[in-house]
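Read off the chains here:
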Amino acid sequence: MVGRVRLKDSCSGVQMDEELPSLLEVVFKYLADNLDIVCHKRCDTDEFELNEGVVIPNEICDRFLKFQQDCNQDISDHFIDIFRDTRKTPLKYVQLRNSSITDEGIKVLMRHNLTALSMWYCNAVTPACWETIVAYGQNLKYLELGKFVDILRHAEPNEKCPLEPAITFPLPNLQKLVLHSVVLTKETSFACLSQLKHLDLSGCILMDFGLSELQALPHLQTLILFNVWPLEQEFPVLCKLQGLRKLDLSIARLNTVGTYVNPNRILTELVESLPNLTDLDISGTNLAGNGVAQQTKGEDHNMRGSDIPGLISRANKPLQFLGLYNAAHSACRRFDIPARIIAGEADENQILTAAVVYQDRQELLTKVLNDLYHLLRFESCKQIHRALDVVLNAMDKHIRVKYIQISGSATLFYIVKGKDKAKFGTPLKNHIIRTLLNGMSEWLKDDTMMRNGCLTLCQFSIPYDVLFEYERLVKILLHGVSDTEQEGFVQRIAIYLINSLACQVDGNQKSFLGQLGAIKTMLNLIEDRLNRNVFDDVMEVAWSTMWNVTDETAVNCERFLDGQGMMYFLKCLKTFPEREELLRNMMGLLGNVAEVEGLRPRLMTQEFITVFSDLLNSCSDGIEVSYNAAGVLSHIASDGPDAWKIPSPTREEVLQNMVEAISRWQLDAERNINYRSFEPILKLVECYDTPQCQHWAVWALANLTKVYPCKYCPLVEREGGLRLLRELIEHPKPYQEIKNLANMVIEAHQKNLEETNEENEMIIDG
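None of these values were measured; they are calculated from a predicted model.

Chemist: So what's going on with the sheet that holds strand β12 (residues 222-224)? Residues and values would help.
Modeler: Each strand in a sheet pairs with its neighbour through backbone hydrogen bonds, running either in the same direction (parallel) or in the opposite one (antiparallel). The strand order across the open sheet built from 10 strands is β5-β6-β7-β8-β10-β12-β13-β14-β17-β18, with neighbouring strands paired in parallel fashion. The open sheet has two free edges, formed respectively by β5 (93-97) and β18 (339-343), since each of these has just one partner strand. The mean angle between the axes of side-by-side strands here comes to 5°, regardless of whether they run parallel or antiparallel. The pairing of β12 with strand β13 (residues 246-248) spans 3 bridges and is classified as parallel. From the neighbouring strand, Leu223 faces β13, where its bridge partner is Leu247.

Chemist: Give a description of the state of the cysteines that names residues and reports values.
Modeler: Scanning all chains against the criterion turns up 0 disulfides. Unpaired in this structure, Cys61 has its nearest cysteine sulfur neighbour in Cys39, at a distance of 12 Å. Given a relative accessible area of 1%, Cys61 falls into the buried group. Left unpaired, Cys204 is separated from the closest cysteine sulfur, that of Cys129, by 16 Å.

Chemist: So what about the pattern of salt bridges? Which residues, and what values?
Modeler: Under the defined criterion, the tally for this structure stands at 23 salt bridges. The salt bridge partner of Asp81 is Arg84, with a shortest N-O separation of 2.5 Å. Look at Arg84 and you get partly exposed, because its relative accessible area is 44%. Within this structure, Asp528, Arg529, Arg532 and Asp536 form a network of salt bridges that share partners.

Chemist: Go over the packing of aromatic side chains, please, and point to the residues and values.
Modeler: Scanning the entire structure with this criterion turns up 21 aromatic pairs. For the ring pair Trp543 and Phe560, a centre distance of 6.0 Å and an interplane angle of 65° mean the geometry is edge-to-face. You can see Trp543 sitting in helix α18 (residues 537-549) and its partner Phe560 sitting in helix α19 (residues 554-562), a full 17 residues away along the chain. Across this residue pair, the class does not change: Trp543 and Phe560 are buried. Aromatic pair Phe678 and Tyr712: ring centres 5.5 Å apart, planes at 35°, arrangement tilted. One end of the pair, Phe678, is in the loop between α24 (651-664) and α25 (679-685); the other, Tyr712, is in helix α27 (residues 709-718), with 34 residues separating them in the sequence. Of the two residues, Phe678 and Tyr712, neither departs from the other in class, the shared state being buried. Here the aromatic cluster, defined as three or more aromatic residues joined through ring pairs, consists of Trp130, Phe169, Phe190 and Phe209. Over the ring of Tyr627 we find Arg671, and its NZ or CZ is 3.9 Å from the ring centre.

Chemist: Please set out the side chain of Arg434 residue by residue, giving values where relevant.
Modeler: You can see Arg434 is positioned in helix α12 (residues 426-442). Despite its burial, Arg434 pairs with no opposite charge, the nearest such side chain being Glu469 at 4.0 Å. Setting aside residues no more than four positions away along its own chain, Arg434 makes contact with Asp70, Cys71, Phe468, Glu469 and Arg472.

Chemist: Break down a nonpolar patch on the surface for me, with residues and values.
Modeler: On the surface, a cluster of nonpolar side chains totalling about 260 Å² of accessible area is made up of Leu23, Val26 and Val27. Along the chain, the position of Val27 falls in helix α1 (residues 23-33). Classification of Val27 as partly exposed rests on a relative accessible area of 35%.

Chemist: Tell me about the environment of Val416, residues and numbers included.
Modeler: The topology assignment puts Val416 in helix α11 (residues 402-417). For Val416, a relative accessible area of 0% translates into the label buried. Linking Val416 and Ile432, residues 16 residues apart in sequence, is a C-alpha distance of 9.0 Å. The residues contacting Val416, other than those within four sequence positions of it, are Lys421, Phe424, Ile432, Thr456, Gln459 and Phe460.

Conventions we followed
Residues numbered from 1 in each chain as written. Predicted model: local features only at pLDDT ≥ 70, side-chain atom pairs only at ≥ 80, totals over all residues. Heavy atoms only, no water. Pairing = 2+ DSSP bridges. Helix = DSSP H or I, 4+ residues; strand = E, 2+ residues; numbered from the N terminus. Axes fitted to C-alpha atoms, helices over the stretch in contact; angles between N-to-C directions. Disulfide = S-S within 2.5 Å. Buried < 20%, exposed > 50% of the residue type's maximum accessible area, 1.4 Å probe, protein only. Salt bridge = Lys/Arg side-chain N within 4 Å of Asp/Glu carboxyl O. Phe/Tyr/Trp six-rings, centres within 6.5 Å; stacked < 30°, edge-to-face > 60°. Lys NZ or Arg CZ within 6 Å of the ring centre and 35° of its normal. Lys, Arg positive; Asp, Glu negative; His and termini not counted. Contact = heavy atoms within 4.5 Å. Patch = residues over 30% accessible without salt bridge, like charges linked within 9 Å, V, L, I, M, F, W, Y side chains within 5 Å. Areas by Shrake-Rupley, 256 points an atom, 1.4 Å probe, with all protein chains shown as cover.

Function-wise, these values are silent; they only describe arrangement.
Structure below.
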C-alpha cells in the first residue's frame, strides 16, 4: 500500500510531495524500538556505535532522525554517535528540537557537510560550538538558531573573559538564516552572506546595530523583525530594501511597544517604496491606523477603498498576505482590507491562518490557540482537520512551553469529542495520542495539563487505540494517581483509565502494570482512605483495577499478597460492610488469587476461610459476592483434605455451605463478570475427588452459556470443555445435579450452533 505523505523541511520552507510506502514508517518504528539491528552500545558506556557492515542511505538517515524526535525520543550525543561515520550514515537536512545534544554532538553532525541545520530548545549547546558550525558549514544553505539555542550570546566583559569578538557569519552559501533573541552590536556583520534570501531576527536586540547593514545583501527577499523594537528610526533604511517580498514588523504585545507616532505616514512611505512586497505583517502594532477609510481610482476608473490608510496604494494590487493579529483598533475586523489572506482574530479563517503563520512564535501562538479553543468549544469551527493540523504542529514544536501544551490539549479535547473523530484513521489517532503523551510527560506535575490529557484520552477506545504507547501511558497515569498533590479529579480520571487499560490486554501487559507498581499504588490509595475513613470511587476503582490486573497473572496476585493486600481486604470489609460494589470487586480479585495453586496456602487461615464461608450467604450485588466466595473456596478445597490446615471451620462444613449456596442461585441470573478463558474453571471440572468443586464449576458454565450463549458457548468448545463435560456425565463420582448442569451446557452449545448455522444460511440466501 502506498500513501501520500507531505514532507516539509522547516529549514528550507520547501514542501515536497512524495509517494512513500507506508511500510517506511513501520520500518522507522521498528528500528527505533530495536536499535541493536543497526548499532550497539560500546562496552561500559551509553554510547552507540554503528554495527559492522551497516550502511544507511541519506534519505533514510534524515528521516529516521526526524522520526525519533516526532516520537519524543531525545537526540543525545550518544544517539548521534550512530552517525559518526559520514560515509555509512550520511546526513544532509538535520532538525533538532528539545534535544540534549551538546557541542560534541554538533561536531559529529557538522562533519557531514550539512545543507541545513535547525536547532530549537537545545539548551546544552554553548557558544563554543559556533566555531564548529563555521568550520564545517561552508555548504550550509539553511541555518536556524531558534529559542534556547544560546550560541551567539554576547558575553559581559570582565578581567578573565574579555568581550567576545564581533559576531560574523562566514557562511558564503547561506540562503536562509534564523536568529532568535541575539544581541546585535555595531560589530555584528552580515557582509559575508552574499547569497542570503531570508533573514529572521525575531526577538533580537539592536544594540548600536543599524539595519543599514542589510543593504549589502543583494538577494534579500524576506526580512522577519518580529518582536524587534524600537524600529521607527529604521524605516528609512527599510524603504531602501527594494528587493523585499516579505516583511514582518509584528509585535507580540500592544501598549507602548508597537505604537508608532505617525503610523499612517510611515506605513504609506514603506509600502510605496517596496514595489515587490507581497507579504506584510503588522500584527500587534498600530500601523493599520484607526480605520478611517480612504479611496483611490483603479485602472478601470472605479473607486476602490482601503480601511487601512497606509495601504491605500495597494487597493488595486492587494497583498498576498497581511498580518493583523491583535493589531490596534481591531484592524482585522475592517471591511476593505487590501489583502487576499489575513491573519487575525476576526473569524475562523483568520485565526487558522494566524495559527499556521505563527507556529514558531510561542508568545502569539498561545493567544491564537486560545482563540481556536473558543471556536471549537462553542462548535463554531467548520475546518476541523485544518484546526487539528495546526494544534498538533504547535504542540509537537513547543513541548517545553506549558501554556501551548495546555491550550493545545484543551482544543484537542473538543476536536476528538466531535463527530469528525469517526473520520480519523489510525495514523492520525496515533499522532494525536502521541502528542498528548509528549505534553503530559513534560508537564507531569501540572494539574491542568494532566486533566486535559486524561479527558482527551477518554474520547478514544481504551485500550485498543493506545496499545502502541501502552507502557508510556501507564507510567504517566500511575504518576497521576500516586501524586497526592493531584488528588481529586485528575486522580479519579487517571485511575479510571488505568482500570480500562488493565482490561482486555494480555498477560505480558498486565505483568508490566504490576512491575511498574500498579498494585502497590492501588494499595497505597486504599490505605489512605482507610486511614481517613473515606469511601469514594477511587477506592472502588482501585480494587477493580487490582481485580483486572491479577486476572490470569500469577505474579500480580503474589504482589497483592506481598503488599499486605489481605489485611486491607479485612479492614475494608469491616469498615465498609454495606458497600456492594466494593465487596464484589474485592471478592473478584481474591478469586484470581485463589486460582494460583502456589498462593492458596497463604489463604488457608481460620480468619480468611471463616470470612469466605460467611460470604456464601451474602445477597450483595445479586449472586456475585456469593458466587466469587464459592469460587475461592472451590479452588482452595480442590487441593484436597491434606491441604486443609485449620481445625475450624472444617472442610466438610464449608463444602456443605457452598452446595447450599449454589442451590439458591438462579441459573438465568445476569452476570457482572467477564471471562477471557475457562481454564481455571475447567480444571475444577476434573476434580472428581471433591464433587462440590465440580458443582460450582459446572454451574458457572451452565449459567454463562445460558445467559450469554453467543459469547461463551464457542469458548467452552474451543478450550475442550465439551469433552470434559461428556466425561463427567459418564463418570460415577459426580452426583446427579452436577450431571444435569453438564447436560445443560452441552444442549446450550448445540442450540447456539444450530442458530448460528441458520443465520449463516439466511445471509447466503439473501
